[in-house]
Amino acid sequence: MAKVYLAAGHGGADPGAVGNGLKEKDLNLAITLACRDVLEWHGVSVKMSRVKDVEIPWEQEVRECNSYDPDLAVNIHNNAGKGDGAEVFHHYGGGTGKTLAENILKEIVALGQNSRGAKTRRLDSGADYYYFIRELSAPSV
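Criteria and thresholds
Residues numbered from 1 in each chain as written. Predicted model: local features only at pLDDT ≥ 70, side-chain atom pairs only at ≥ 80, totals over all residues. Heavy atoms only, no water. Helix = DSSP H or I, 4+ residues; strand = E, 2+ residues; numbered from the N terminus. Buried < 20%, exposed > 50% of the residue type's maximum accessible area, 1.4 Å probe, protein only. Phe/Tyr/Trp six-rings, centres within 6.5 Å; stacked < 30°, edge-to-face > 60°. Pairing = 2+ DSSP bridges. Axes fitted to C-alpha atoms, helices over the stretch in contact; angles between N-to-C directions. Contact = heavy atoms within 4.5 Å.

A.B. asks: Residues and numbers for unusual backbone geometry, please.
C.D. replies: Positive phi is not limited to glycine here, since H10 has a value of about 65°. Within the element layout of this structure, H10 appears in the loop between strand 1 (3–8) and strand 2 (18–19). On the accessibility criterion, H10 (26% relative accessible area) is partly exposed. With a phi close to 55°, N20 is a non-glycine residue in the positive phi region. In this structure, N20 sits in the loop between strand 2 and strand 3 (22–23). By relative accessible area, N20 is classed as exposed at 82%.

This is the structure:
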């Protein structure tokens with residue numbers, strides 16, 4: 001059985017982006033719960049970072065994910081600011097994470113949202129910018 005780890009970004013005292021009466025942490029959790037439900041309906045085993053409004057330290061999230069040893073890992077966020085559309089970040093080395101990012105974007109576009117692309121982001125050291133992607137054993141976005 002396929003295994004997926006889903007992380008709902010922010011939570012607890014950390015609301016993430018706030019605007020138009022919405023908090024990113026709430027949107028992230030709602031989307032993550034919906035993804036869990038669809039994946040489980042399709043027979044995928046899912047572990048989530050959180051199922052309620054609590055803050056999970058990044059280090060704990062990564063430990064839990066690596067311990068679960070999933071086939072894929074997804075960390076869901078909603079950015080605020082300039083631009084219109086969805087973007088999905090993946091490991092700079094490409095591979096399964098890049099394929100996952102491209103497939104997620106394809107489905108988002110099918111729902112009517114604009115795509116800002118499958119992207120990578122690196123630190124000056126050359127490592128992945130995002131802790132979640134950098135520290136996980138599983139392909140992740």
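A.B. asks: Any chance you could break down the packing of aromatic side chains for me, citing the residues and the numbers?
C.D. replies: Scanning the model with the defined rule gives three aromatic pairs in all. A centroid spacing of 5.9 Å and a plane angle of 25° characterise the contact between W58 and Y131, whose relative ring orientation is stacked. With W58 in helix 2 (residues 58–68) and Y131 in helix 4 (residues 131–135), this residue pair connects regions lying 73 residues apart in the sequence. For Y131, a relative accessible area of 22% corresponds to the partly exposed category. Ring centres of F89 and Y130 lie 5.0 Å apart, and the angle between their planes is 55°; on these two criteria the pair is classed as tilted. With F89 in strand 6 (residues 86–89) and Y130 in the loop between strand 7 (115–119) and helix 4, this residue pair connects regions lying 41 residues apart in the sequence. Note on Y130: relative accessible area 28%, which makes it partly exposed.

A.B. asks: So what's going on with the sheet that holds strand 1? Which residues, and what values?
C.D. replies: Strand-to-strand pairing in sheets goes through backbone hydrogen bonds, with the strands running parallel or antiparallel. Strand order in the open sheet formed by three strands is 4-1-5, with parallel pairing between adjacent strands. Because the sheet does not close on itself, it has two edges, and the strands there are strand 4 (45–48) and strand 5 (72–76). Ignoring strand direction, the axes of neighbouring strands in this sheet form an average angle of 20°. Bridge count for strand 1 against strand 5 is five bridges, and the pairing is parallel. By the bridge assignment, A8 is partnered in strand 5 with I76. Sitting on the sheet, helix 2 is in contact with strand 1, strand 4 and strand 5, with an inclination near 170° to strand 1.

Shape descriptors only; they carry no functional weight alone.
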